[in-house]
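Structural features, examined
Next come the chains, spelled out residue by residue.
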Amino acid sequence: MIRYSLTCDGGHGFDGWFRSSGDYDGQAGNGLLTCPVCGSREVSKALMSPAVATQAEAEQELLGDREARMREMLVKVREELTKDAEDVGPRFAEVARKMHDGEMEKASVYGVATGEETRELIEDGIEVHPLPPVPGKGN
Ligand SMILES: [Zn+2]
């Protein structure tokens, strides 16, 4: 059984059940379809439902595309920020502090710091730049 959304020439919408699309064509062709509201025999398939679905799908695609581009851009920004820098991982706060205190030669480093560590570094006047997180990646 397939269900069609039907509409009459009076604008009444209703559902009709058919064994197949050929069954619908046969009934419609023989004038066997009547509107349950006004009895009109001018009944046709409503085109509204598939059109709405198509539009929603298009919007979904557009959104996915925008998200993908955004992610791509953030990945590029991260690459740009980290390409000449050394990854010091969780030692970031320690290394940044040592460089600030002159115990280590200054270099571009990046790594992981907790919110607390980052706050302390900034309070001590040590320059830190948070890397933009890339959505969809565990980072
Ligand atoms: Zn009607």
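The following paragraphs examine the structure supplied in this document. Every chain is numbered independently, its residues counted from 1 as its sequence is written. Thresholds applied to this predicted model are a pLDDT of at least 70 for local features of residues and 80 or more for the giving and counting of side-chain atom pairs; totals over whole chains, interfaces and linings are not thresholded and use all residues.

Looking at the sheet that holds strand β2 (residues 13-18)
Here we have three strands laid out as an open sheet, ordered β2-β1-β3, and antiparallel in their pairing. Since the sheet does not close on itself, it has two edges, and those belong to β2 and β3 (43-45), each with one partner. Within the sheet, the average angular offset between the axes of one strand and its neighbour, ignoring direction, is 45 degrees. A pair of strands is labelled paired if DSSP reports no fewer than 2 bridges between them. Put simply, DSSP H or I for four residues or longer makes a helix, DSSP E for two residues or longer makes a strand, and each gets a number counted from the N terminus. In the sheet, strand β1 (residues 2-8) pairs with β3 via three bridges, with the strands oriented antiparallel. Within β3, the position partnered with Cys8 by the bridge is Val43. Axis geometry follows a simple rule: fit a line to the C-alpha atoms, using only the stretch in contact for helices, then measure angles between N-to-C directions, giving values from 0 to 180 degrees.

Let's talk about helix α3 (residues 92-100)
Buried within α3 we find Phe92, Ala93 and Ala96. Within α3, the buried residues cover an arc of 95 degrees as seen down the axis, which keeps them to one side. Throughout, a residue-residue contact means that the two C-beta atoms, derived from backbone geometry, are no farther apart than 7 Å. If you follow the buried residues of α3, they end up packed against β4 (86-89), β5 (109-111) and α4 (115-123). With its phi angle positive at about 80 degrees, Gly102 sits one or two positions after the end of α3. Any residue with 12 or fewer other C-beta atoms within 10 Å of its own C-beta is exposed, any with 20 or more is buried, and the rest are partly exposed; the C-beta atoms used are placed from the backbone. In this context, the arc is that of the directions from the helix axis out to the C-beta atoms.

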